[in-house]
Amino acid sequence: MDHYFEANRQGWNLRTEAHKSSAFYNVEGWKKGATSLNEIELREVGDVSGKKLLHLQCHFGQDTLSWARLGARVTGCDLSDNAIDYARQLARESRIKARFIRCNVYDLPQHLKGKFDVVFASYGVVGWLPDLDAWAAVVAHFVKKGGFFYLAEFHPVVWMLDEKMEFIKYAYHNAGVIESEQTGTYADRHAGIEYTEYGWNHSLSEVINCLLRHGFQLEFLNEYPYSPYDCFDKTVRGSDGNYRIQGLEDKIPMVYSLKAIKKG
Ligand SMILES: C[S@@+](CC[C@H](N)C(=O)[O-])C[C@H]1O[C@@H](n2cnc3c(N)ncnc32)[C@H](O)[C@@H]1O
């Protein structure tokens, strides 16, 4: 398994360098005060003011720091060295108090103490995790009783499609590791980077049942027929500003979100 994580760490280090200057991440706009969070999670997570918030797989911390601007006391964790270095730099430059930890999410209990009101993860996270039961144990470890875990994620139906979004290529359920050769990155298709990455598809039932097994109660599960991000091939932008796959507009779910409360 370490081989997969190591390859993904290297891939995410390369991606991060391309992401820093990408229009997709719009760091300059963010530095001027724009939030990087989307309407879905802003509405569904609600008021975070004064809350202790842990962001798992935080990439370079834009979302983590956006929650801090809304009053949360934030900690972020990510596998990528470059992502965490840049997250710390952004926090320093923007004078936002935040703590960032570089480690595999599975190892986080060895690096971080304490419980959190909110544990948050979003868009492109569970697909890097081979073992969701072990992941749910980590999530449960950090959410305090009565607190909640919130996840907004690309829908597993989208990950069934081939890279050109034309036909069903991959299994809906986890059928083992998927190896893929990448050039560029979703935030900049023309970035001059090449790497091999490893991912896993996880069905909705797998995600939810893992959380239920680890002491959570589901408050809601929502499914959206659009993505707030333009990160797939063949997208069209709707009048609502969101993205859909051409020819599949409003026919498939593209994002889901859930809130799970830690039972007292
Ligand atoms: C798609 S990004 C997260 C997206 C985030 N919403 C954003 O765009 O800023 C996925 C992140 O997961 C991290 N990651 C992948 N595997 C991980 C692991 N095993 N432990 C911790 N972080 C991991 C990557 O380094 C990357 O920063």
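Only a predicted model underlies this, so the values are computations on that prediction, with no experimental measurement involved.

Parameters and conventions
- Residues numbered from 1 in each chain as written.
- Predicted model: local features only at pLDDT ≥ 70, side-chain atom pairs only at ≥ 80, totals over all residues.
- Heavy atoms only, no water.
- Helix = DSSP H or I, 4+ residues; strand = E, 2+ residues; numbered from the N terminus.
- Polar contact = N/O pair within 3.5 Å; in protein donor to acceptor, adjacent residues only side chain to side chain.
- Contact = heavy atoms within 4.5 Å.
- Near = heavy atom within 4 Å.
- Areas by Shrake-Rupley, 256 points an atom, 1.4 Å probe, with all protein chains shown as cover.
- Nonpolar A, V, L, I, M, F, W, Y, C, P; charged D, E, K, R; others polar.
- Expected span 1.5 Å × (residues − 1).
- Buried < 20%, exposed > 50% of the residue type's maximum accessible area, 1.4 Å probe, protein only.
- Arc of directions from axis to C-beta.
- Phe/Tyr/Trp six-rings, centres within 6.5 Å; stacked < 30°, edge-to-face > 60°.
- Lys NZ or Arg CZ within 6 Å of the ring centre and 35° of its normal.

Considering the side chain of serine 227
Right, so step 1: Within the secondary structure, serine 227 sits in the loop between β8 (216–224) and β9 (235–237).
Right, so step 2: Engagement of the side chain of serine 227 in a polar contact is seen with the backbone oxygen of tyrosine 229, the distance being 2.7 Å.
Right, so step 3: Excluding residues within four positions of it along the chain, serine 227 makes contact with Phe154, Phe232, Asn242, Tyr243, Met254 and Val255.

Brief notes about the site of the ligand
Right, so step 1: Around the ligand, a shell composed of 17 residues is seen, among which Tyr25, His59, Asp78, Val105 and Ser122 lie nearest.
Right, so step 2: Side-chain polar atom of aspartate 78 to an oxygen atom of the ligand: 2.5 Å apart, as the coordinates give it.
Right, so step 3: Between the ligand and serine 122 there is a distance of 3.0 Å, counted from a nitrogen atom to a backbone nitrogen or oxygen.
Right, so step 4: In the complex, the protein chains occlude 96% of the 610 Å² of accessible area that the ligand would expose alone.
Right, so step 5: The residue makeup of the shell around the ligand, split by class, is nine nonpolar, six polar and two charged.

What about helix α5 (residues 81–94)?
Right, so step 1: In this model, α5 (14 residues) spans 20 Å end to end at C-alpha, consistent with the 20 Å of a helix rising 1.5 Å per residue.
Right, so step 2: Those residues of α5 not exposed but buried are Ala83, Ile84, Tyr86, Ala87, Leu90 and Ala91. Considered in projection along α5, the buried side chains sweep an arc of 165 degrees and stay on one side of the axis.
Right, so step 3: Those residues of α5 that are buried lie in contact with α1 (2–20), α2 (27–31), α4 (62–69), β2 (73–78) and β3 (98–102).
Right, so step 4: Residue serine 80 occupies the N-cap position of α5, its side-chain oxygen lying 3.4 Å from the main-chain nitrogen of asparagine 82.

Digging into the packing of aromatic side chains
Right, so step 1: A full pass over the atoms with the stated rule returns 22 aromatic pairs.
Right, so step 2: Residues tyrosine 123 and tyrosine 229 carry aromatic rings whose centres are separated by 5.0 Å and whose planes lie at 75 degrees to one another, so their mutual orientation is edge-to-face. Taken as a pair, tyrosine 123 in the loop between β4 (116–122) and α6 (132–142) and tyrosine 229 in the loop between β8 and β9 lie far apart in primary sequence, 106 residues in all.
Right, so step 3: Site record: aromatic cluster; members linked through ring pairs are Trp12, Phe24, Tyr25, Phe60, Tyr86, Tyr123, Trp128, Phe154, Trp159, Tyr186, Tyr229 and Phe232.
Right, so step 4: The ring centre of tyrosine 86 lies 4.8 Å from the NZ or CZ of lysine 20, which sits over that ring.

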